[in-house]
Amino acid sequence: MLIGELARQTGCEVETIRYYEREGLLSAPQRSASGYRRYSAEQLGELNFILHCRSLGMSLADIRQLAAFKADSSLACDDINQLIDQQISKVHQQVESLRLLEQQLLALRDRCHDHHTVAECGILQTLVEASEGEPCVCHTPFGQDPHPHHPSVEKQ
């Protein structure tokens, strides 16, 4: 099959397929007499393997490592387990980062509940103040006031 057909069957962009070839993740296809790439079922399987790994958030280096294991089935799978454990750890870190981001956005959203003009929007004011170096609710511990009231400076 030609590269366009491989792209259609896998949902992968043509340029991405070429990139995987250049990176050595996808074995080089045969060439026709006119120079066109001719992909086989083997390359289709390789590309599907790469795409499946990418869908799990794996890096190209990890995929390269997994492909090397796949090529030598006599090896112990301890390193594969370790690679997946590292990927799980990365996902946990991403989840924690997303939770923090959610808290930051919720704190920012809490700055404006009513219908105001843009000039009165608490969200926009907070973002502008933060860009000018002021403390902001989205980068303080969730729920804490970035402008704490000191007993010695009470308003009368």
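Since this is a predicted model, take the numbers as computed values, not measurements.

*Asks:* Any chance you could explain a nonpolar patch on the surface here in plain terms?
*Replies:* The grouping of V118, L124, L127 and V128 at the surface amounts to a nonpolar patch, some 330 Å² of accessible area in total. With respect to the helices and strands, L127 occurs in helix α6 (residues 122-131). A relative accessible area of 41% places L127 in the partly exposed class.

*Asks:* Would you take a moment to explain the packing of aromatic side chains for this structure?
*Replies:* The description of an aromatic ring pair rests on the distance of the ring centres and on the angle between the ring planes. All told, the structure shown has one aromatic pair when counted by the stated rule. Here the basic side chain of K70 rests over the ring of F49, its NZ or CZ set 4.5 Å away from the ring centre.

*Asks:* Could you clarify how one ought to interpret the environment of M58 in this entry?
*Replies:* Mapped onto the elements, M58 comes out in the loop between α3 (41-55) and α4 (60-71). Residues M58 and L83, spaced 25 residues apart in sequence, show a C-alpha to C-alpha distance of 9.5 Å. With residues up to four places along the chain from it excluded, the contact list for M58 reads C53, I63, L66, L83, I84 and Q87.

*Asks:* Could you clarify how one ought to interpret the pattern of salt bridges in this entry?
*Replies:* Pairing between side chains of opposite charge can happen when the charged atoms of each approach one another. Enumeration according to the criterion identifies six salt bridges in this entry. Note that R37 is salt-bridged to E21, the shortest N-O span being 3.1 Å. Of this pair, R37 sits in strand β2 (residues 37-38) while E21 sits in helix α2 (residues 14-22), placing them 16 residues apart in sequence. Put simply, R64 and E23 hold a salt bridge, and the shortest N to O gap is 3.4 Å. Here the residue R64 occupies a position in helix α4, and E23 occupies one in the loop between α2 and β1 (30-31), the gap between them amounting to 41 residues. Residue class for R64 comes out partly exposed when judged on its relative accessible area of 34%.

Thresholds applied
Residues numbered from 1 in each chain as written. Predicted model: local features only at pLDDT ≥ 70, side-chain atom pairs only at ≥ 80, totals over all residues. Heavy atoms only, no water. Patch = residues over 30% accessible without salt bridge, like charges linked within 9 Å, V, L, I, M, F, W, Y side chains within 5 Å. Areas by Shrake-Rupley, 256 points an atom, 1.4 Å probe, with all protein chains shown as cover. Salt bridge = Lys/Arg side-chain N within 4 Å of Asp/Glu carboxyl O. Helix = DSSP H or I, 4+ residues; strand = E, 2+ residues; numbered from the N terminus. Buried < 20%, exposed > 50% of the residue type's maximum accessible area, 1.4 Å probe, protein only. Phe/Tyr/Trp six-rings, centres within 6.5 Å; stacked < 30°, edge-to-face > 60°. Lys NZ or Arg CZ within 6 Å of the ring centre and 35° of its normal. Contact = heavy atoms within 4.5 Å.

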